[in-house]
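Below, each chain spelled out in residue letters.
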Amino acid sequence: MLRSRLSAAVLLLAVAAAPSAAWAECKAPYTSSELVNDLTSSQLALRNLDEATFNAAAGRLEAGVACVSNPIPPMVFASAYRYIGANRYLSQDIEGSRRWFRTSLELDAGYQWDANELELESPIRAVFESERDAGRAAPVKVEGRVLAQPAGSTYMIDGRPLSVAEATPDRPHVLQQVATSDRSVRGTWLLDGPSFPAQTLQDAVVAAATPEDQQKAAKEAKKAKPKAEREKVANVEYTDSGAIKVERVRPPEKTPLMIVGAVAILGAGSLYAASFVTHDEFEASTTTDQLLERQTLTNALVLGSGGVLLAGLGVGYWGIVLDGGAGVGISGHF
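Thresholds applied
- Residues numbered from 1 in each chain as written.
- Predicted model: local features only at pLDDT ≥ 70, side-chain atom pairs only at ≥ 80, totals over all residues.
- Heavy atoms only, no water.
- Helix = DSSP H or I, 4+ residues; strand = E, 2+ residues; numbered from the N terminus.
- Expected span 1.5 Å × (residues − 1).
- Contact = heavy atoms within 4.5 Å.
- Axes fitted to C-alpha atoms, helices over the stretch in contact; angles between N-to-C directions.
- Parallel < 35°, antiparallel > 145°, perpendicular 65-115°, else oblique.
- Left-handed = near helix turned anticlockwise from the far one by under 90°.
- Pairing = 2+ DSSP bridges.
- Buried < 20%, exposed > 50% of the residue type's maximum accessible area, 1.4 Å probe, protein only.
- Phe/Tyr/Trp six-rings, centres within 6.5 Å; stacked < 30°, edge-to-face > 60°.
- Core = buried A, V, L, I, M, F, W, Y, C linked by side-chain atoms within 4.5 Å.
- pLDDT = per-residue confidence, 0-100.

(A) Summary view of helix α2 (residues 51–64). Under the 1.5 Å per step criterion, the end-to-end length of α2 is 20 Å for 14 residues, consistent within 8% with the ideal 20 Å. At its buried positions, α2 is contacted by α1 (32–47), α3 (74–90) and α4 (94–107).

(B) Spotlight on the packing of α3 against helix α5 (residues 123–130). Where α3 meets α5, the closest approach of the two axes is 10 Å, and the angle between their N-to-C directions is 120 degrees. As judged from the angle between their axes, α3 and α5 are oblique. In terms of crossing hand, the pair formed by α3 and α5 is right-handed. The residues of α5 that touch α3, namely those facing R82, A86, Y89 and L90, are P123, I124, V127 and F128.

(C) Summary view of the sheet that holds strand β7 (residues 185–192). The sheet built from four strands is open, its strands ordered β4-β3-β6-β7 with antiparallel pairing. In the strand order of this sheet, the two ends are held by β4 (160–162) and β7, each with one partner. Averaged over all pairs of adjacent strands, the angle between their axes in this sheet comes to 30 degrees, without regard to strand direction. Bridge count for strand β6 (residues 172–179) against β7 is seven bridges, and the pairing is antiparallel. Counted as the bridge partner of Q177 is G187 from β7. The strands that α4 touches are β4, β6 and β7; relative to β6, the one it contacts most, it runs at about 55 degrees.

(D) Representation of the pairing of strand β3 (residues 153–157) in the model. Of all five residues making up β3, four are buried, and the element is well covered by its neighbours. Looking at chain direction, β3 and β4 are connected through three bridges and run antiparallel. Bridging from a neighbouring strand, M156 pairs with P161 of β4. In this structure, the hairpin formed by β3 and β4 is closed by a connection of two residues, where D158 is found at a positive phi of approximately 55 degrees.

(E) Geometry of the packing of aromatic side chains. With the rule as written, the count across this model stands at eight aromatic pairs. Centroid distance Y81 to W100: 5.3 Å. Interplanar angle 55 degrees. Geometry classified as tilted. Here Y81 is found in helix α3, whereas its partner W100 is found in helix α4, with 19 residues between them in sequence. The residues Y81 and W100 share a single accessibility class, namely buried. Here the aromatic rings of Y111 and W113 are separated by 5.8 Å at their centres, their planes lie at 80 degrees, and the arrangement is edge-to-face. For the pair Y111 and W113, a shared accessibility class is recorded, and that class is buried. Put simply, the rings of F54, Y83, F101, Y111, W113 and F128 touch in pairs and so form one group of aromatic residues.

(F) Structural view of the nonpolar core. Formed by 38 residues in total, the largest nonpolar core has its most connected members in L39, F54, L61, F77 and W113. Elements represented by at least two residues in this core include exactly α1, α2, α3, α4 and α5. In contact with W113, not counting residues within four places along its chain, are L46, R82, Y83, F101, L118, R125 and F128. If you look at the next biggest cluster of nonpolar residues, it comprises twelve residues, including L147, I157, A167 and W189.

(G) Quick peek at the confidence of the model for the chain. Averaged over all residues, the pLDDT of the chain is 77; the fraction at 70 or higher stands at 66%. Averaged pLDDT values for the elements of the chain fall to 43 in helix α7 (residues 227–231) and rise to 98 in α4. Counted against residues more than four places away or in other chains, residues 1–24, with its pLDDT under 50, gives 66 contacts. Confidence drops under a pLDDT of 50 for residues 227–236, and excluding neighbours within four residues, the segment shows 20 contacts in the predicted structure.

Structure, rendered in structure tokens:
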């Protein structure tokens, strides 16, 4: 496979730091398919030492991660942050590289770069490892403030549910406001540590709600919840003693989502394994036609495995977190 040496001295302008801003300032939503393509391109380019492709793909990741148009699992965020950090290093922004690596390690503390993805002697690997302990730092709460929970939605930070106004300092985070009805993203911000936007916070001490306010809030919450969901939350049974027995109902779509996700992940592994066979055939090629044909097939298998893997992770993740239990069970520039 044709490779060019990936220079560690590439001179690019570092992205300037700026305060959190609203999602509406994003030029366009960053779709999940665009995210998958850029993640796959970054991985392949780093593996093939293709500096131009890597810089372009990782640059799109950094520009788009705060404009992602749907919730994604923490492990996908971790992958994006790793490639952004590597690109920052190649831009000679070492501190920026460290900050993205910290968030990546916070989400995936056990990650080790594969030798085929990043050379053992690469200085990027050394910087990444030096931030492993910092990645385990504790989050810091916003003093005197709590999250202002909007009706019909909740918050997620780097793909994880967030109920307390806290975040780990000295690193970026992606905060998303997600609708509880259809999981659509209503807003997203790129934070510098616990620098939450003003509209997402409120004073910790508020006046107690009156009975009228409580009744109004309950009606609004009930109205926002789809009728089918309300009817399937739980089975209620009254026993002879007068006690109420509430039985948890498993959402019908939970198991299919988990199965589809698992099958997709296994399929991704099969595609990736097949790429090793075609790569061996590439190495054994004796003609230019064979070389080009097997190179194209190998790249297609690796790209396909990456796309199927991320799709499987996304579907399986939502199958796992989907809950039908009785009772009350989340753009800017940095």
